[in-house]
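Chain residues, written in single-letter form:
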Amino acid sequence: MKQKLLLACISAALVAGLVAGCKPKDGPATGEPVPAWVPFSEVEWFDAGLGGEVVRPVSTGAGNTMEGDTIKIGMIASLSGAEKPWGDESKKGAQLAIDQANEAGGINGKQIELIVEDTGGLPATGKTATERLVSSKKVLAVLGEVASGVTGPSAEVCQSAGVPIISVGSTRTALSNTGNMFFRVCYTDAFQGAMLAKFAYDDLGIKNVAILTDKQLPYSVGLSDDFRAFFTKLGGTVVAEDFYEKGTTDFKGQLTNLKAKNPDGLFCSGYFTEIGPIARQRAAVGLDVPMFGGDGWDSSELLNSGGEGIMGSYYSNHYSNLQDREQVKNFVSTFKAKYGSEPANAMGALGYDAALVLIDALKRAAAMDSASIRDAIATTSGLEAVSGTITIGPDGNAQKAGLILKAEMYDPSKE
Amino acid sequence: MIFAELNWGLLDQQLINGIQLGAIYALIALGYTMVYGVLKLINFAHGEVYMVGAYIAYYTAEQWLDKNSMSPWLLLAVMLLGAMAVCAILGVTIERLAYRPLRGAPRISILITAIGVSLLLQQGGLLIFRTSPQPSISEQVNPFGASNFKNLPILGDLTISWGQAAMFGVSIVLMLLLWWFVSGTKTGRGIRAVSHDFSTASLMGIDVNRMVAITFVIGSALAGAGGMMNATALGTPLDTFYGLLPGVKAFVAAVLGGIGNIPGAVAGGFLMGIAEALVIWMGYSNFKDAVAFVILIAVLLVRPSGLLGSVGQEKA
């Protein structure tokens, strides 16, 4: 029996080793066009008038004051769990910005120390992590999270403690109401939904749209609502709407229904995990209309999982590695030099920008305490960041242009 | 009022979609039901075995073998058999290391262990498998591939995609093989005997440990096949939680059909798939999972041991 046990262990270890030892193969040789998300157009920032009135209560918390020799900054990120790909990138981006600031001499000669806590992508863990950063580590400000569901409770903690928080990628509109301590470097779903509606109606000429929503995902439901509201305001018609939930792999039923209503565009507000199979299967039911969606599509893998069905589709993102801006080129090359690979999704750039907004505020802050830093963040204006030119609006949100990407064949040698 | 909205022309197409979906549910449900049959254990790690099957298929197609230079049919066969083999080894290893030492322990202990194994594979898989960016099997691997989009007409306007037709065909072949194995071979008879009465079977000279191991081999291999086919045909990006939802659905299918009963699992799987498609057809796709559970409750109210489960099968 002992031998059998040993055998079982060895075979398990072998399998694990075989899998782990494998390195991804290199991409195709340069000079050969490959499918890529290519920047298509930019939609200038505008006030969509969605999402209701923003009420920002003023924090009564005392905040933290600098102690010791370093400026302590906290960060919450999902370094484990299902949202790890985004958490990892946001941390890498923020760390890069802070390392660069430190190499350039820090803030008035003081070095910045980034303390990262894992949220596991869970709201409760995120809340505890934020409490630990704010009360025991005494950080002056917090960066993160990516997911709105985790940012919500964490921002409440920061609001009551009087410590500013800059969210990396949480687009849920209502987060602005948390209070005067909450900021973000990404746009809100209200802006994203309106911007996509404008793009679809004006630029793509879509008048009758079908909507496919992940009803288990508040992000997707919210984005679909904002899109619908602005699209009908522009004069368009939503001819059909169908639903699925995260983890679904077979969408032919929903797509068969949508096709029967003859839409001339398909809006999918969910995450990329489900968008790939939807793109493959929509062709199977003959739904050959332009497909478009929001920043939940952001993953280099979508081009593979979507196959031919994703080509010619559009989505709105915060950033692209291929953008022709100096800040982007510098960011991509320094990121690659430090971590060995290009940023895998937009959270690297947004993590970098969140840190950049904070560093900019630290330089302008009257004193090294939470309240002064908050005031400096709130007056950020025209900061040339990676994801665009950032001005923080009165609602704490970054006002910057939205970027539309299109899936096309791209020749890397033409750079 | 509800019926006025219905598009009757789509009903047949949606039924076909439902039958395809049901075949995969049935394949996974068989693993739950067989393990429950012999051990009276809900193997919560079963969905994770399915996930590993999908990953093995991915690594075989995209990294271990050169998809550009070999015959797509051979590649698909290697992916399917490889996923089944690795899952079989994984299943039997889980049984040997986690469940067999607890054979005499209270059933709740082994149930908790099953949940533990499930979590271990989900979280431990993050260390072993590539999850960032989430990998998916490219369309070109599928020889139905570019013509994945071309449909096979069945009758009139009715169509089924080649990939889905192949998935359905392989599932049916595997189920028929299983049926032959369980009802027609000596080992199959042994498994049925263990399932009927564990301790008496062991008194009759049946090597129960071997039968349990074989059950895990078969159940896990079927899950591996399901994982490979779904990942290949649909192109879903993989992560280590890939088996969570299919696992839950297949578990419901197994209970619906009468857990422990093999034809029951197949019937439950098809029923779930068709019910889901019909709910979508009626325009209530946001309730499709709720409906699955409503059907489960309704069936269990009338037949507490499931559709085909025998009354009194559960021994105190």
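Computed from a prediction, not measured in an experiment: that's the story for all the values here.

Observations regarding the overall build of chain B
Phase 1: Secondary structure summary: chain B contains twelve helices and two strands in total.
Phase 2: Each helix and strand of chain B, placed in order from N terminus to C terminus, yields the pattern α-α-α-α-α-β-β-α-α-α-α-α-α-α.
Phase 3: For chain B, the residues scored as buried account for 56% of the 316 residues in total.
Phase 4: In chain B, 75% of the contacts between residues at least 6 apart in sequence involve partners at least 24 apart.
Phase 5: With an accessible surface of roughly 12,900 Å², chain B has 72% of that area assigned to carbon and sulfur atoms.
Phase 6: Averaging the coordinates of the 16 positive side-chain charges in chain B and doing the same for the 14 negative ones gives two points 14 Å apart.

A short note on the environment of Ser333(A)
Residues and elements named next belong to chain A.
Phase 1: Relative to the elements of secondary structure, serine 333 occurs in helix 10 (residues 326-339).
Phase 2: Classification of serine 333 as partly exposed rests on a relative accessible area of 43%.
Phase 3: Between the C-alpha atom of serine 333 and that of proline 263, which follows or precedes it by 70 residues, the distance is 42 Å.

What to know about the sheet that holds strand 4 (residues 141-143) of chain A
Residues and elements named next belong to chain A.
Phase 1: Across the sheet, which stays open at both edges, the five strands sit in the order 3-2-4-5-6 with parallel pairing between neighbours. Looking at which strands have only one partner, the edges of the open sheet turn out to be strand 3 (112-118) and strand 6 (182-184). For this sheet, the mean angle separating the axes of adjacent strands, direction not counted, is 25 degrees.
Phase 2: In the sheet, strand 2 (residues 71-77) pairs with strand 3 via seven bridges, with the strands oriented parallel. Directly across from methionine 75, in strand 3, lies its bridge partner valine 116.
Phase 3: In this fold helix 4 (residues 148-161) packs onto strand 2, strand 4, strand 5 (165-167) and strand 6, with an angle of close to 160 degrees to the strand it touches most, strand 5.

Regarding the packing of helix 2 (residues 84-103) of chain A against helix 11 (residues 347-364) of chain A
Residues and elements named next belong to chain A.
Phase 1: Between helix 2 and helix 11, the shortest axis-to-axis distance is 7 Å and the interhelical angle comes to 40 degrees. Classified by the interaxial angle, the pair formed by helix 2 and helix 11 is oblique. Between helix 2 and helix 11 the crossing geometry is right-handed. Between helix 2 and helix 11, the residues in contact are Trp86, Glu89, Ser90, Gly93, Ala94, Leu96, Ala97, Ile98, Gln100 and Ala101 and Met347, Gly348, Gly351, Tyr352, Ala355, Leu356 and Ile359, respectively.

Points about the interface of chain B and chain A
Phase 1: Contacts between chain B and chain A engage 57 residues on the former and 48 residues on the latter.
Phase 2: Here chain B meets chain A over a buried area of about 4,300 Å², counting both sides, of which 59% is carbon and sulfur.
Phase 3: Across the contact surface, chain B and chain A share zero salt bridges.
Phase 4: One can count eight residue pairs in polar contact (both at pLDDT 80 or more) joining chain B with chain A.
Phase 5: Among the elements of the structure, helix 2 (11-39), helix 3 (46-64), helix 4 (72-99), helix 5 (107-128), helix 9 (208-234), helix 10 (244-257), helix 11 (262-281) and helix 12 (288-302) of chain B are those that each provide at least two residues to the side of chain B that touches chain A.

Examining a positive patch on the surface
All names here are of chain B.
Phase 1: Taken together, Lys186, Arg189, Arg192 and Arg210 make up a surface patch of like positive charges.
Phase 2: Looking at the positive patch element by element, the count peaks at three residues for helix 7 (residues 186-196).
Phase 3: With respect to the element layout, lysine 186 can be found in helix 7.

What about the sheet that holds strand 13 (residues 388-392) of chain A?
Pairing between the strands of a sheet is mediated by backbone hydrogen bonds and can be parallel or antiparallel.
All names here are of chain A.
Phase 1: Spatial ordering of the open sheet is given by 12-13-14, a layout of three strands whose pairing is antiparallel. If you trace the sheet from one side to the other, it starts and ends with strand 12 (383-385) and strand 14 (398-399), each paired once.
Phase 2: By the bridge criterion, three bridges tie strand 12 to strand 13 in an arrangement that is antiparallel. Bridge pairing links glutamate 384 to threonine 389 in strand 13.

Let's talk about the environment of Ala290(B)
Phase 1: Tracing the backbone shows Ala290(B) in helix 12.
Phase 2: Placed 96 residues apart in sequence, Ala290(B) and Val194(B) show a C-alpha to C-alpha distance of 35 Å.

Here we look at helix 11 of chain A
Phase 1: With 18 residues, helix 11 of chain A extends 26 Å between its outermost C-alpha atoms, agreeing within 8% with the 26 Å of an ideal straight helix rising 1.5 Å per residue.
Phase 2: Across the 18 residues that make up helix 11 of chain A, a large majority, 16, are buried.

Focus: the domain arrangement of chain A
Residue and element names in this part refer to chain A.
Phase 1: Annotation of chain A at the domain level lists domain 1 (71-187 + 324-398) and domain 2 (190-317).
Phase 2: When each unit is reduced to the centre of its C-alpha atoms, the spacing between domain 1 and domain 2 is 30 Å.
Phase 3: Each partner contributes to the interface: domain 1 provides eight residues, whereas domain 2 provides 14 residues.
Phase 4: Taken together, both faces of the contact between domain 1 and domain 2 bury some 890 Å²; the carbon and sulfur share is 55%.
Phase 5: When residues of domain 1 are sorted by the area they lose upon contact with domain 2, Trp86, Thr171 and Tyr187 head the list and together hold 57% of the total.
Phase 6: Scanning the region where domain 1 abuts domain 2 turns up zero salt bridges.
Phase 7: Viewed at the interface, domain 2 and domain 1 are joined by four residue pairs in polar contact (both at pLDDT 80 or more).
Phase 8: Broken down by class, the residue content of the side of domain 1 that touches domain 2 amounts to four nonpolar, three polar and one charged.

Things to note about the packing of helix 6 (residues 162-184) of chain B against helix 9 of chain B
Residue and element names in this part refer to chain B.
Phase 1: Viewed as axis vectors pointing N to C, helix 6 and helix 9 meet at an angle of 175 degrees, and their least axial separation amounts to 10 Å. Taken together, the axes of helix 6 and helix 9 are roughly antiparallel relative to one another. Contacts from Gln164, Met167, Val170, Ser171, Leu174, Leu178 and Phe181 of helix 6 reach helix 9 at Ile214, Ile218, Leu222, Ala225, Met229, Asn230, Ala233 and Leu234.
Phase 2: Partitioned by chemical class, the residues of the contact of helix 6 with helix 9 number twelve nonpolar, three polar and no charged.

Rules used throughout
Starting afresh in each chain, residues are numbered from 1 along the sequence in its written order. Here the convention is simple: chains get letters from A, ligands get numbers from 1, in the order in which they are written. The model is predicted, so local features are restricted to residues of pLDDT at least 70 and side-chain atom pairs to those at 80 or more, both for listing and for counting; the totals for chains, interfaces and linings are taken over all residues. Think of the side-chain values as coming from all heavy atoms in the structure, minus any hydrogens and water. By definition, any uninterrupted DSSP run of H or I lasting at least four residues is a helix, any uninterrupted run of E lasting at least two residues is a strand, and each is numbered from the N terminus. Throughout, exposure labels follow a simple rule: accessible area from a 1.4 Å probe, protein chains only, divided by the maximum for the residue type, with under 20% read as buried, over 50% as exposed, and the rest as partly exposed. Should any heavy atoms of two residues lie within 4.5 Å, those residues are considered in contact. Working definition of accessibility: Shrake-Rupley area with a 1.4 Å probe, residue cover restricted to the visible protein chains. Just so you know, the count uses Lys and Arg for positive and Asp and Glu for negative, and it drops His and the chain ends. For charged residues, the charge sits on one atom: NZ in Lys, CZ in Arg, CG in Asp, CD in Glu. Any two strands are treated as partners once DSSP identifies two or more bridges connecting them. Every axis corresponds to a line fitted to the C-alpha atoms, with the helix fit spanning only the stretch in contact, and the corresponding angles, defined between N-to-C directions, vary from 0 to 180 degrees. We call two directions roughly parallel when the angle between them is under 35 degrees, roughly antiparallel when it is over 145, roughly perpendicular when it lies between 65 and 115, and oblique otherwise. Definitions for this section: a left-handed crossing has its near helix turned counterclockwise from the far helix by less than a right angle. A right-handed crossing has that turn clockwise. Summed over both partners, the accessible surface that disappears when two parts come together, traced with a 1.4 Å probe, is what is meant by buried area. Any carboxyl oxygen of Asp or Glu within 4 Å of a side-chain nitrogen of Lys or Arg constitutes a salt bridge here. Counting of polar contacts relies on pairs of N or O atoms within 3.5 Å, with two restrictions inside protein: one atom must be capable of donating a hydrogen and the other of accepting it, and residues adjacent in sequence are counted only when both atoms are side-chain atoms. Patches were defined on residues exceeding 30% relative accessible area and lacking a salt bridge, with like-charge contacts within 9 Å and nonpolar side-chain contacts (Val, Leu, Ile, Met, Phe, Trp, Tyr) within 5 Å. Expected span, for any helix, means 1.5 Å times one less than how many residues it has. Note: domain ranges come from an automatic or database domain assignment. Residue classes follow a fixed rule: Ala, Val, Leu, Ile, Met, Phe, Trp, Tyr, Cys and Pro count as nonpolar, while Asp, Glu, Lys and Arg count as charged, and any other residue, Gly among them, counts as polar.

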